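Structural overview
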Amino acid sequence: MSARRPLMAGNWKMYKTPAQTAEFFEKFLPLVAESSHADVLICPPFLNLTAAAGAAAGSKVAVGAQNCHWETKEGAFTGEVSAPMLKAAGCAAVIIGHSERRQFFGETDATVLKRTQAALASGLLPVVCVGERLEERESGRTGDVLRAQFTDGIAPLEAAGFAKIVIAYEPVWAIGTGKVATPEMAAEAHRSLRALVEARYGKEAAAAVRILYGGSVKPDNVKGLMAQVEIDGTLVGGASLDPVGFASIVNF
Ligand code: 13P
C-alpha cells in the first residue's frame, strides 16, 4: 500500500450554471459525507466558484478552478483571473495545463510553469496536467512527450514548490472519448513520470508525489484504475457532472 492519500477530483470544464452548481452540491455532499479515505475536489467554471465554495463550506469537499493567470498582482488583463482572486473566492486548488488549454488556448510548458508558480505563491494546490496525443502514443513517443512536458513545465520548480503540487496524467486520446487507458497502461505512464521525478527531486519526493489518472474515468472502471498502486487518484471530466455517479467514483 502506498502512503499517498487518494485525491478524487472532478473537472467540470464549461458545464453548469451557478444554480446547477448549488443543486449538485445539495445531492453530492450527503453521498460523500462518510468518505474519509480520499481527498475530494470539484473544479467548476470560474463563474460558479463562489456558489461552489459556499455550498461546500464546512464539508470535506474542496473547490478548485480550472486555470489561473501567471500574474499574481491585479492589473489590466482582460478576461483573466488571478490565483489570489481564486484563493479569496474560497478555492484550495487549480488545474493547470489541461490538454484542452494546450490544444485550444495556446498553453505551453512555459506558461504551465508560470501559472504553477503563481498558484504556489498564492497558496493554491496546483494540479498540473501532462499527457500524450494519440499520434504520439502510436508512434511510440509517449515517454518523450512526458519527459518534455515534465522537463520544461515542472522540473524548473524548486524542490519546496514541487512538494506542493499534484501531477495529473491525462492521455489526450482517452479524454471524452470513452477510451480509457487500461490500468496497466496508466500505471506504466505513472511509473515513467515518477522516474523523472526521482531523477530530478530524489527518491523521497518521487515516493510522495501524487499522480492522478484522467481520461474517461467512470463508476465502472474506477476500481480497476485505483487498484494500481501507482495511481493516486483520478481527474474526472464528464462523469463528475452527475452527483450520484461522481460520488460512486469517490467511493470506489
Ligand atoms: P473525461 O473524464 O470526460 O474523459 O475528461 C477527462 C478530463 O479531461 C479531466 O480533466
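In what follows, the structure referred to is the one given above.
Everything numeric in this text was worked out from a predicted model, so none of it was measured.

Criteria and cut-off values
Residues numbered from 1 in each chain as written. Predicted model: local features only at pLDDT ≥ 70, side-chain atom pairs only at ≥ 80, totals over all residues. Heavy atoms only, no water. Core = buried A, V, L, I, M, F, W, Y, C linked by side-chain atoms within 4.5 Å. Buried < 20%, exposed > 50% of the residue type's maximum accessible area, 1.4 Å probe, protein only. Helix = DSSP H or I, 4+ residues; strand = E, 2+ residues; numbered from the N terminus. Contact = heavy atoms within 4.5 Å. Axes fitted to C-alpha atoms, helices over the stretch in contact; angles between N-to-C directions. Parallel < 35°, antiparallel > 145°, perpendicular 65-115°, else oblique. Left-handed = near helix turned anticlockwise from the far one by under 90°. Phe/Tyr/Trp six-rings, centres within 6.5 Å; stacked < 30°, edge-to-face > 60°. Disulfide = S-S within 2.5 Å. Near = heavy atom within 4 Å. Polar contact = N/O pair within 3.5 Å; in protein donor to acceptor, adjacent residues only side chain to side chain. Nonpolar A, V, L, I, M, F, W, Y, C, P; charged D, E, K, R; others polar. 1 Å grid on protein atoms, 1.4 Å probe; cavity = no way out; pocket = protein on both sides within 12 Å on 5 of 7 lines; lining within 4 Å. Points joined across faces, edges and corners; volume = space filled by probe spheres on them.

Here we take up the nonpolar core. Ranked by internal contacts, the top residues of the largest apolar core, which has 63 residues, are Phe25, Phe28 and Ile167. When residues of this core are assigned to their parent elements, the largest contribution, six residues, is made by helix H9 (residues 183-201). If near-sequence neighbours (up to four positions away) are discounted, Phe25 is found in contact with Trp12, Pro30, Ile42, Ala52, Ala55, Ala56, Val61 and Val63.

Right, let's talk about the packing of helix H1 (residues 18-32) against helix H2 (residues 49-56) for a bit. The interhelical angle for the contact between H1 and H2, taken along N-to-C directions, is 25°, at an axis separation of 9 Å. Between H1 and H2, the angle is such that the two are roughly parallel. The hand of the H1/H2 crossing is right-handed. Of the residues in H2, those in contact with Pro18, Thr21, Phe25 and Leu29 of H1 are Ala51, Ala52, Ala55 and Ala56.

Moving on, we get to the packing of aromatic side chains. Each pair of aromatic rings is reported with the distance of its centres and the angle of its planes. What the rule picks out here adds up to eight aromatic pairs. Their ring planes at 55° and their centres at 6.3 Å tell us that Trp12 and Phe25 sit as a pair that is tilted. Pair noted here: Trp12 is in the loop between strand S1 (7-11) and H1 and Phe25 is in helix H1, with a separation of 13 residues, a long-range link. Classification of Phe25 by relative accessible area gives buried; the value is 1%.

Turning to the state of the cysteines, a few remarks are in order. Inspection of the entire model under this criterion finds zero disulfides. The thiol sulfur of Cys68 is not disulfide-bonded, and the nearest other cysteine sulfur, from Cys91, lies at 9.8 Å. A disulfide-free cysteine, Cys91 has its sulfur positioned 7.8 Å from the sulfur of Cys43, the nearest such atom.

Take the site of the ligand next. Contacts to the ligand come from 13 residues, most closely from Lys13, His98, Glu170, Gly176 and Ser216. In this structure, His98 approaches the ligand through a side-chain N or O atom, which is 2.7 Å from an oxygen atom. Gly176 places a polar main-chain atom, nitrogen or oxygen, 2.6 Å from an oxygen atom of the ligand. In terms of residue class, the shell around the ligand is made up of four nonpolar, seven polar and two charged.

This part covers empty space enclosed by the protein. Enumeration over the complete set of coordinates arrives at one cavity of 30 Å³ or more. Space inside the largest cavity adds up to approximately 30 Å³. Gly97, His98, Ser99, Arg102, Cys129, Val130, Gly131, Glu170 and Val172 are the residues that line the largest cavity. Looking at the lining of the largest cavity residue by residue, the classes come out as three nonpolar, four polar and two charged.

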